[in-house]
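# Topology and contacts: notes
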Amino acid sequence: MQTTAATAGSPGPAATALTSRQRFLNACACWPVDHPPVWLMRQAGRALPEYRALRQKHSFLDLAQTPELAAEVTLQPVRRFGFDAAILFSDILVTAEGLGQKFRFDETNGIQMDFALRSTADVARLDVKALPERLHYVPRALRLVRAALGKQTALIGFAGSPWTLATFMAEGGSRDHYPHALSLFRKDRKTYFELAEKLTAAIIAHLQLQIEAGVDAIQIFDSHGGLLAPLEFQEASGRWIKEIISSLRTSTLRSRATAEDGPHSALPIIVFSLGTHGNWDDLLATGANVLGIDWRFPLADARRLLPCDIGLQGNLAPALLGDATPEAVAAETARLLEVMRGRNGYIFNLGHGVPPEARLENIAALVEVVKNFK
Ligand code: CP3
């Protein structure tokens, strides 16, 4: 990437010539941009008619595990809405599959895993070494997406946090409640730590595959962080995320030292932890470059509380995309942009994923307001 005048100093005319990828990477690094970049968590998926058409013919896992299909689904929302970043069409539970705990998805039961992981013996069954081979389709899909996007649009790789994966794995799928991981953590700390250590190693390996395949940034989803009491968060979730980030930093600094990206060669890492508003210090301590702010926390408070060298991403309430009119979505988008006016390092996003009932005209209204923000 060329470093433009805008990346070195204040936004001038050069800033208007930013590509989507530069805009996104500048925002991750808290450098000036022409307007904030925009992408949406779960932007690929059921809200899009072109996704639903493919799902008529293929199961969710077929889409995720066939590189050509995963690449196509990844690109669909970028083509339709012109997002500044693409996120690989995959799932956080792919890491569990890489460890040997398979899963399936269906409309009525959600995620179902082959077994529920409850004991030391279950943890011993997980095999980190086999992961790169089992997940061979992930880098293949990413290379296809990268080839289609070129250097125009940013490409985000992702994984779940160890804690969030543990909640699904201990329950054996998606459920209304996740008591088993909580009780493992509270009553059998030794086994929980064995599991968290294995998950940490697996997530690092899974993210390494994605980094080698050319992603521009990584997001770690800690969607179940908020199930923990604030005093439990660091031991159950935060410290493992921190370990993942420091390991990736050490290895990517080595492998990307010769990248043509100059200052952007330090891979930005976004941590999205849902419902952990009592844990800002723990979240900062993970070493994340950008923190995702969920929709239940006022963005103005996040701006006030968090240091200005940390990027912020979020946080329009996802339900508005289904419930509200395009005018109301546009007004709320404009309000959030005003809250962040003048702060470098802002990435526009929702405060959680796009719901299946999101209306296309609402997503379009959101994107248009961000792109025209001056
Ligand atoms: O567009 C994108 O963001 C990329 C694709 C993506 C999916 N899942 C596809 C998916 C990403 C980034 C995820 C992450 C993910 N998966 C998270 C973290 C984000 C969050 O929402 O908190 C979590 C917790 C999961 C686990 C998961 N996957 C559940 C609980 C479910 C079933 C419930 C549901 O949302 O339907 C899934 C299935 C899933 N993952 C679908 C999609 C598009 C639905 C499959 C379909 O109906 O076709």
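The structure contained in this document is the topic of the report that follows. (Residues numbered from 1 in each chain as written. Predicted model: local features only at pLDDT ≥ 70, side-chain atom pairs only at ≥ 80, totals over all residues. Heavy atoms only, no water.)

### Focus: helix H11 (residues 179-187)
Each α-helix winds once per 3.6 residues, and so residues spaced three or four apart point in a common direction. In plain terms, the rule: With a 1.4 Å probe rolled over the protein chains alone, any residue whose accessible area is under 20% of its type maximum counts as buried; one over 50% counts as exposed, and the rest are partly exposed. Segments assigned H or I by DSSP are reported as helices when at least four residues long, segments assigned E as strands when at least two residues long, and all are numbered from the N terminus. This arc describes the spread of directions from the helix axis toward the C-beta atoms.
Inspection of H11 places Ala181, Leu182, Leu184 and Phe185 among the buried residues, and these make up the whole buried set. Taken around the axis of H11, the buried residues stretch over an arc of 160 degrees, which confines them to a single face.

### Regarding the side chain of Arg343
Stated precisely, the cut-off is as follows: His is not counted, nor are the chain ends, whereas Lys and Arg count as positive and Asp and Glu as negative. When a carboxyl oxygen of Asp or Glu lies within 4 Å of a side-chain nitrogen of Lys or Arg, that pair is called a salt bridge. Contacts: residue pairs with any heavy atoms within 4.5 Å of one another.
In this structure, Arg343 sits in the loop between helix H17 (326-339) and strand E9 (346-350). Comment: no salt bridge for buried Arg343; closest opposite-charge side chain is Asp309, at 6.7 Å. When neighbours within four sequence positions are excluded, Arg343 is seen to be in contact with Arg303, Leu306, Pro307, Cys308, Ile310, Gly311 and Leu312.

### Considering the sheet that holds E9
Backbone hydrogen bonds hold the strands of a sheet together, and the pairing may be parallel or antiparallel. Here is the rule: If DSSP finds at least two bridges between two strands, the strands pair. Working convention: axes come from line fits to C-alpha atoms, limited for helices to the stretch in contact. Angles between N-to-C directions cover 0 to 180 degrees.
With parallel pairing, seven strands are arranged side by side in an open sheet as E1-E4-E5-E6-E7-E8-E9. The open sheet has two edge strands with one neighbour each: strand E1 (85-87) and E9. Looking at each pair of strands side by side, their axes are set apart by 25 degrees on average, direction ignored. By the bridge criterion, three bridges tie E1 to strand E4 (residues 154-160) in an arrangement that is parallel. Bridging from a neighbouring strand, Ile87 pairs with Ile156 of E4. Strands in contact with helix H12 (residues 189-212) are E4 and strand E5 (217-222); relative to E4, the strand with the most contacts, it is inclined by about 165 degrees.

### So, the site of the ligand
Cut-off, in case you're wondering: What makes a residue near a molecule or strand is one non-hydrogen atom of that residue sitting within 4 Å of it. By the criterion applied in these results, polar contacts are pairs of N or O atoms within 3.5 Å in which, for protein atoms, one can donate a hydrogen and the other can accept it, and in which residues neighboring in sequence qualify only through two side-chain atoms. The protein chains shown are the only cover counted for residues, whose accessible areas, like all others here, come from Shrake-Rupley with a 1.4 Å probe. Buriedness of a pocket was judged along seven lines, with at least five required to meet protein on both sides within 12 Å; pockets are open sets of points on a 1 Å grid over the protein atoms alone, cavities are sets where a 1.4 Å probe fits but cannot get out, and lining residues have an atom within 4 Å of a point. Whether a molecule sits in a cavity or pocket is decided by its atoms, more than half of which must lie within 2 Å of the grid points. Basically, the charged four are Asp, Glu, Lys and Arg, the nonpolar ten are Ala, Val, Leu, Ile, Met, Phe, Trp, Tyr, Cys and Pro, and anything else, Gly included, counts as polar.
Contacts to the ligand come from 23 residues, most closely from Tyr51, Arg55, Asp91, Ser223 and His352. Contact between the ligand and Ala44: an oxygen atom at 2.9 Å from a main-chain N or O atom of the residue. Within the side chain of Arg55, a nitrogen or oxygen atom sits 2.6 Å from an oxygen atom of the ligand. Protein coverage of the free-state accessible area of the ligand, which is 870 Å², stands at 90%. Of the pockets mapped on this structure, the ligand occupies the largest pocket. Its residues placed into classes, the shell around the ligand shows 13 nonpolar, five polar and five charged.

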